[in-house]
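Below, each chain spelled out in residue letters.
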Amino acid sequence: MAGRNGRTVRDLRRANRTAVLQRLYFDGPLSRFELGPATGLSSGSVSNVVADLVADGLVEEAGSVDSDGGRPRTLLRVAPASGHMIGVDVGETRVRVELFDLTLTELARAQRPLEPQRYEVEVIVDHIRSGVAEVLAGAGLAPERLLGVGIGVPGIVEHTPGRGAVVHGQTIGWDAVPLESLVRAGSPLPETVPYFIDNGARTLGQAEMWFGAGRGARNALVVLFGSGVGACLVTPEVEHGRAVEWGHLTVRVRGRRCRCGALGCLEAYAGAESLLARWREEGGRVPEGLGHTDEETALTTMLAAAYPADDGAPDPVALAVLEETAEYLGAGLSDLINLFQPERILMGGWAGLRLGSRFLPSVRRHALSYALRHPAGKVTIELGRLGPDAVTVGAAILPLADFFARGGRRPDPDPQSPPPAWHTALRERTPG
């Protein structure tokens, strides 16, 4: 029966389970006594919910602590083995697949390199399917035990009735690719295991906001700097994060041609692919014969030339191209600062992390010099903390958020009464 606010008893129970699970997940171990004020639930409600979660195998004891004059209080935590998720990063140099337990501890991984400029849909789909099968076999996990598979992809993701997630990836030649349907066809997973597909910059942003350098921020931008560039915006209005096609802002009229086909995009100057191309054009010693997966090797070579470790003379060409790239990135960040006034900007992605602390001060200096003084004075610009696996972690968060939204219950095959969507859980329950 629904109450005056339209919520049923089932809704209330699910919300209470979610509240307890979330607090234990992010702040645990906690005692029953501590869970009351942490969740806003009465002691009776906490006891009932905890009993249900323990009976379901989702919560377990984790020792005890002394109380003030009373009996020791039993600590509770989320049981790591009570759920498993897979995160997939369809990246620019490889497809990475990782299997996690419920606490996002990695249990197995598989990687499939990509050839230069080769994003054939069939190849990517096969990499995802085989990678999922490999990590399940490596961990000895039955497919039906999965809570879901999250996939981060380049491009705009549209969720359509009947077709699932459709990807519009102009820079990789994907035009309305029904990725979810294609991956599910011939998948090693049963129909009951859901797929969650979203933009890779957004999954990176979600990972940093939940577990990395963005935790506690209400206004943040997480930048993915790889072969190309992208960003995820998180504000009070869009707490679940929104992918921003930042790399395709025009920074130079009639400028270099971007891989999307337009002229003068930020990505044509600030992505690692264009950075290496400009170094080559200026006479730089870019290693020859490198595949797309070795773009990382080439960038490392360029970095060593520009900033030699042995105090030798830097390569002036490499240094000049990197400085120009830092200025373009900084100018692009200044647009984001002026538009959204974030309190934090975090730079991740394989290229951003590889260039790291050597490169960031120059990017920061240019960003603050181009931005308006007031918002520039309130923002911090730093590196992300989760490393190169951040996109796969963020992708795995998608089924995890859905699990939370369902109160720790697996997907219901009955579509008549669906629980809150996973993106609602991300928006309403992002940890602070």
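Definitions and cut-offs
Residues numbered from 1 in each chain as written. Predicted model: local features only at pLDDT ≥ 70, side-chain atom pairs only at ≥ 80, totals over all residues. Heavy atoms only, no water. UniProt positions renumbered as here; feature names shortened; annotations may be inferred. Salt bridge = Lys/Arg side-chain N within 4 Å of Asp/Glu carboxyl O. Helix = DSSP H or I, 4+ residues; strand = E, 2+ residues; numbered from the N terminus. Buried < 20%, exposed > 50% of the residue type's maximum accessible area, 1.4 Å probe, protein only. Pairing = 2+ DSSP bridges. Axes fitted to C-alpha atoms, helices over the stretch in contact; angles between N-to-C directions. Expected span 1.5 Å × (residues − 1). Polar contact = N/O pair within 3.5 Å; in protein donor to acceptor, adjacent residues only side chain to side chain. Phe/Tyr/Trp six-rings, centres within 6.5 Å; stacked < 30°, edge-to-face > 60°. Lys NZ or Arg CZ within 6 Å of the ring centre and 35° of its normal.

- If you check an unreviewed UniProt entry, the protein appears there as ROK family protein from Streptomyces heliomycini.
- What UniProt states about the protein under its Sequence similarities (unreviewed entry) heading is, verbatim, "Belongs to the ROK (NagC/XylR) family."

**Considering the pattern of salt bridges**
Next, step 1: With the rule as written, the count across this model stands at 23 salt bridges.
Next, step 2: Here E324 makes a salt bridge to R278, at a shortest N to O gap of 3.0 Å. Here R278 lies in helix α8 (residues 272-281) and E324 lies in helix α10 (residues 316-340), a separation of 46 residues in the sequence.
Next, step 3: A residue is classified by how much of its surface remains accessible, and E324, at 33% relative accessible area, is partly exposed.
Next, step 4: Salt bridges here are not isolated pairs; linked through shared partners, they connect D89, R96, E98, E106, R109 and D389.

**Focus: the sheet that holds strand β8 (residues 156-160)**
Next, step 1: The 3 strands lie next to each other as β8-β9-β10, forming an open sheet whose pairing is antiparallel. The open sheet has two free edges, formed respectively by β8 and β10 (174-177), since each of these has just one partner strand. Going across the sheet, the axis of each strand differs from the next one's by a mean of 20°, ignoring polarity.
Next, step 2: In the sheet, β8 pairs with strand β9 (residues 164-169) via 5 bridges, with the strands oriented antiparallel. From the neighbouring strand, T160 faces β9, where its bridge partner is G164.

**A short note on helix α6 (residues 200-211)**
Next, step 1: Compared with the 16 Å implied by 1.5 Å per residue over 12 residues, the 16 Å span of α6 between its first and last C-alpha is a close match.
Next, step 2: Taking burial as the measure, the 12 residues of α6 include 11 buried ones, the bulk of the element.
Next, step 3: Three or more residues of α6 are buried, namely G200, A201, R202, T203, L204, G205, Q206, A207, E208, M209 and W210.
Next, step 4: Sitting at the amino-terminal end of α6 is N199, which places a side-chain oxygen 2.8 Å from the backbone nitrogen of A201.

**Let's talk about the packing of aromatic side chains**
Next, step 1: Throughout the structure, instances matching the rule amount to 10 aromatic pairs.
Next, step 2: Both rings, one in Y25 and one in F404, keep their centres 5.2 Å apart while their planes meet at 75°; by these two values the pair is edge-to-face. Taken together, the residues Y25 in helix α1 (residues 9-27) and F404 in helix α13 (residues 390-405) connect sequence positions 379 residues apart. The burial state of Y25 is the same as that of F404; both residues are buried.
Next, step 3: Here a set of aromatic residues connected by ring pairs shows up, and it is made of Y25, F26, W210, F211 and F404.
Next, step 4: Over the aromatic face of F33 sits the side chain of R73, whose NZ or CZ is 3.9 Å from the ring centroid.

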